[in-house]
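Remarks on the overall topology
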Amino acid sequence: MGDESRLAAVVALAQGMAAAHSSRETWRAAAGGARRALGGSFAALSVWERELGRLRVLVNVGELAEGEEEYPEDESYPVHQFAEITEFLHERWAGGGEPDAWVETAQGPEEGRAGYCHQRVAALRRRGRGCCVVAPIVLHGRAWGELYVARPVGEPVFGRADADFATVLASVVAAGIAQTERLEEARRLAFTDSLTGLANRRAVDARLDEAVELHRRDGAVVSLVVCDVNGLKRVNDTLGHSVGDRLLERFGTVLSLCGAMLPGALAARLGGDEFCLLAVGPSADEVVKAADEVCRRAVELDIGDGVACGVASTQDPIGPVRSARRLFRLADAAQYRAKAERAAHPVVAGREGPDDPVVRLADEPSREADGERRRFRGRHAPG
């Protein structure tokens, strides 16, 4: 491959990774781009999980051997079996060397060359591959993992020039992975409450819109619990805002623990003293049980005055739910009533008969009711 062709391959690899929208797409673009650039039949991208002492395969692309999967659930190898990934970087690179790629063949190490990788040689033979080139990936100054490209038996064996080119490709892959990590961190922060670590209002809005659409299309049960922490203002005024923040953090932990009772539930802080749980799938009674546990545990906190909880579920007699706005209004109205009555248990919309006061308050916001109820802020305010 000439210099122009290799430059084009590097550009294609970088562009493919830049166009990815998720980590999985990034991994696949990295392995696939490197396979094409090096003329391989197979490529894999692996990450070094230091805490577990293993190399875990993230993606396999190209001609897969028996037992190989594109995105393996748990294809991993003890790192001591592939000691060069650590020894090379810790000894040679730390001593001033470069994290260069190297070549392995099914015939074993070249004469006079220390062979770290008899496992790789055995794997090449077992899978009908004649040679491979392995390039360490270094991210933020530390070994991150490796890029592996192989050719079948009968194809030309990788040479020194291929290994040097693989080193260049690995650096491009590292830059692409770093960019993806930065974008994913930005997305995570955009949908996370900084104080409690729970989801934020933006995340709830997006998930609830999807959930209601799923309910309308497939009849999925969608339930929303809206909680208001009692006594936050008193705590802030008498004990200070740092103690108030601790109350919110501790209640966030309570909400997260109770939300774990509902598979896939989203625990979120909406802002101020307002929190919510969004569940898709569990029955209304299961959600009410979890909300009741939230109320019980909140009372046991050594600061604050418990919590007011309102529940609205599409499984209860609340009428058609065609929008996220309506379900939010119902849960908010139930929470308002729980607050007004100092209820020790959740108030559930639709469970007081055909003229349920919570449903009426949510759906018929008269001038008097508008002045009485606490309107939900933002896009889900009555309208």
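Only a predicted model underlies this, so the values are computations on that prediction, with no experimental measurement involved.

Our next topic: helix 10 (residues 324-340). Relative to the 24 Å expected for 17 residues at 1.5 Å per residue, helix 10 spans 24 Å between its end C-alpha atoms, a close match to the ideal helical length. Counting buried positions over the 17 residues of helix 10 gives 13, a clear majority of the element. Just downstream of helix 10 lies Arg342, where phi reads positive at about 50 degrees.

Another point: the sheet that holds strand 9 (residues 274-280). Ordered by their spatial adjacency, 5 strands build an open sheet running 8-9-7-10-11, and the pairing between neighbours is mixed. Pairing within the sheet leaves two strands with one partner each, and these edge strands are strand 8 (266-271) and strand 11 (347-348). Pairing analysis gives 5 bridges linking strand 8 to strand 9, with the strands arranged antiparallel. Paired with Arg269 across the strands is Phe275, a residue of strand 9. Helix-sheet contacts for helix 10 involve strand 7 (222-229), strand 8, strand 10 (307-313) and strand 11, and the interaxial angle to strand 10 is about 145 degrees.

Here we come to the pairing of strand 9. Judged by how many residues are buried, strand 9 sits mostly within the fold: 6 of 7 residues are covered. The sheet contact formed by strand 7 and strand 9 spans 7 bridges and is antiparallel. Across the sheet, the residue bridging to Val225 is Leu277, located in strand 9. Where strand 8 folds back on strand 9, the antiparallel hairpin that results is connected by 2 residues, among which Gly272 adopts a positive phi of roughly 55 degrees.

What follows deals with the packing of helix 7 (residues 232-239) against helix 8 (residues 241-259). Interhelical geometry of helix 7 versus helix 8 gives an angle of 145 degrees and a closest axis separation of 7 Å. Between helix 7 and helix 8, the contacting residues are Leu232, Val235, Asn236 and Leu239 on the first element and His241, Val243, Gly244, Leu247 and Leu248 on the second. Classifying every residue of the contact of helix 7 with helix 8 gives 6 nonpolar, 3 polar and no charged.

We now examine the side chain of Asp193. Along the chain, Asp193 turns up in the loop between helix 5 (160-190) and helix 6 (201-218). Residue classification places Asp193 among the buried residues on the basis of a relative accessible area of 12%. Within the structure, the side chain of Asp193 is placed 2.7 Å from the side chain of Thr196, a separation counted as a polar contact. Asp193 has contacts with Leu198, Ala199, Asn200 and Arg269, leaving out every residue within four places of it along the chain.

So, on to the pairing of strand 1 (residues 42-49). Among the 8 residues of strand 1, 8 are classified as buried, and the element is accordingly described as predominantly covered. Along strand 1, one buried face is formed by Phe42, Ala44, Ser46 and Trp48 and the opposite face, lined by Ala43, Leu45, Val47 and Glu49, is buried too. Counting the residues between successive antiparallel strands, the hairpin from strand 1 to strand 2 (residues 54-62) contains 4 residues, one of them, Gly53, with a positive phi of roughly 60 degrees. Bridge count for strand 1 against strand 6 (residues 142-152) is 6 bridges, and the pairing is antiparallel. Looking at strand 6, one finds that Phe42 is bridged to Ala150.

A separate point is the confidence of the model for the protein chain. Looking at the protein chain as a whole, its pLDDT mean stands at 86, while 87% of the residues score no less than 70. Every residue in residues 89-96 scores below 50 in pLDDT, and together they form 17 contacts with partners more than four places removed in sequence or on other chains. Taken as a whole, residues 366-383 scores under 50 in pLDDT and shows 42 contacts with residues more than four places along the chain or in a different chain.

What counts and how
Residue numbering note: each chain is counted from 1, following its sequence as written. Under the rules for a predicted model, residues below a pLDDT of 70 receive no local features and side-chain atom pairs below 80 are neither given nor counted, while totals for whole chains, interfaces and linings still include all residues. The side-chain quantities take in all heavy atoms of the structure and omit both hydrogens and water. Runs of E in the DSSP output that reach at least two residues are strands. Runs of H or I that reach at least four are helices, and both are numbered from the N terminus. By definition here, a helix of n residues has an expected span of 1.5 Å times n minus one. Exposure categories follow from relative accessible area, calculated using a 1.4 Å probe and restricted to protein chains: below 20% of the type maximum is buried, above 50% is exposed, and the middle band is partly exposed. Here a strand pair is declared whenever DSSP counts at least two bridges between the two strands. We call two residues in contact when some of their heavy atoms are within 4.5 Å. Only the stretch in contact is used when a helix axis is fitted, and all axes are lines through C-alpha atoms; the angle between N-to-C directions ranges over 0 to 180 degrees. Under the grouping applied here, Gly and all other residues not named as nonpolar or charged are polar, the nonpolar ones being Ala, Val, Leu, Ile, Met, Phe, Trp, Tyr, Cys and Pro and the charged ones Asp, Glu, Lys and Arg. Counting of polar contacts relies on pairs of N or O atoms within 3.5 Å, with two restrictions inside protein: one atom must be capable of donating a hydrogen and the other of accepting it, and residues adjacent in sequence are counted only when both atoms are side-chain atoms. What pLDDT conveys is the predictor's confidence in a given residue, as a value from 0 to 100.

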